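# Structural overview
In case you want the letters, here they are:
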Amino acid sequence: MLHFYRILLCFLLITSNAFSQKENSSFQVVPLGVKGGIDEKNLSAYLLAPINTKDFICLDAGTINAGIEKAIENKVFKVSTSEVLKKYIKGYLISHAHLDHVSGLIINSPADSSKTVYATQKCMEMMENHYFNDQTWANFGDKGPGFPLKKYHFQTLNIREETPISNTKMAVKAFPLSHVNPFESTAFLVKNDSSYALYLGDTGPDEVEKSNNLRNLWTSIAPLIKAKQLKGIFIEVSFPNEQPDKFLFGHLTPNYLMKELHVLEDLAGKGSLKNFKIIITHLKPPTKNISKIKEQLKNQNDLRLMIIYPEQGKKFEL
């Protein structure tokens, strides 16, 4: 009988631990594209949904179709590519209108279903004037040049104003970033109940951009880190440390990322970033540079961050 109770106790501890781990996750992430640069089959796009739902928002949209196919290969999705595109993706959050962040949205728009595209005013104007303009591409939006087909609802986000994400229980707040000053990119703070995830589009460091955008963003999210409500930060590192400042083109290196995260730790409290999830995005080929970036981040990780390198089509949780 004693042996039975020991087994029962072990079972309860294991299941309790598994349940608590699952309970701690608030979001599921399916990367559809993870790189910057020239690989058109694997450019920035991340599906984010509340845990145990299929209500995804797509954070940027560089690669869509190829990423969904990769996720299906990995058995993340058990339905067709078309069904994921039309039914699972509820909308798009576009950080800036560079082609490596919007080409998947544009190319897949004829096969897509009606949904909302969210962006700040300048980003939306670029997409309307240069892409969905009835010349470069048909206007699948509900405003802008030419004949709007009204498949997509183009919703402009006001900076620092919380906006509900249609057909999900999530909401988003946009923050400005500098991507070769004065060109603007965007950070999206996504809320699910009392939990948050932060996604940054392309950004250079404040020091190089002559900007306070990152410091202002860190100041805004520091209380969420203190309260352990922020589940992770998606942030780019495009080049190794050897890249000269004048050739950063509004991007980060391992050195600049760590400088910025030290600013965040100063605001959130010493030790607040230990084991905190930092998801590295926008790694630029060649492979030797990506390997160098990973090695440099490992060597400079004095904050003891949990650094995650997402892989196309492989789901993880936050």
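The structure this text deals with has already been given above.
Residues numbered from 1 in each chain as written. Predicted model: local features only at pLDDT ≥ 70, side-chain atom pairs only at ≥ 80, totals over all residues. Heavy atoms only, no water.

### Some remarks on the pattern of salt bridges
What the rule picks out here adds up to six salt bridges. A salt bridge links Lys122 to Glu184, with the nearest nitrogen and oxygen atoms 3.5 Å apart. With a gap of 62 residues between them, Lys122 in helix α5 (residues 121-130) and Glu184 in strand β9 (residues 184-192) connect regions that are remote in the sequence. (Salt bridge = Lys/Arg side-chain N within 4 Å of Asp/Glu carboxyl O. Helix = DSSP H or I, 4+ residues; strand = E, 2+ residues; numbered from the N terminus.)

### Topic: the sheet that holds strand β12 (residues 277-281)
Read from one edge of the open sheet, seven strands run β7-β8-β9-β10-β11-β12-β13, paired in mixed fashion. Across the chains shown, the open sheet's two edge strands, defined by having one partner strand only, are β7 (163-164) and β13 (306-308). Pairing of strand β10 (residues 195-200) with strand β11 (residues 230-236), which is carried by three bridges, proceeds in the parallel orientation. When the bridges of β11 are listed, Tyr199 appears paired with Phe234. (Pairing = 2+ DSSP bridges.)

### Structural notes on unusual backbone geometry
The amide bond that connects Asn181 to the next residue, Pro182, takes the cis arrangement and shows omega of 15°. Tracing the backbone shows Pro182 in the loop between β8 (170-178) and β9. Backbone torsion omega between Pro285 and Pro286 reads 15°, so that peptide bond is classified as cis. Structurally, Pro286 can be placed in the loop between β12 and α9 (287-299). You will see that Val180, though not glycine, has its phi angle at about 70°, which is positive. By the secondary structure assignment, Val180 is in the loop between β8 and β9. The backbone of Arg304 shows a phi angle near 60°, a positive value even though the residue is not glycine. Here Arg304 is to be found in the loop between α9 and β13.

The quantities given are spatial measurements derived from coordinates; they are silent on function.
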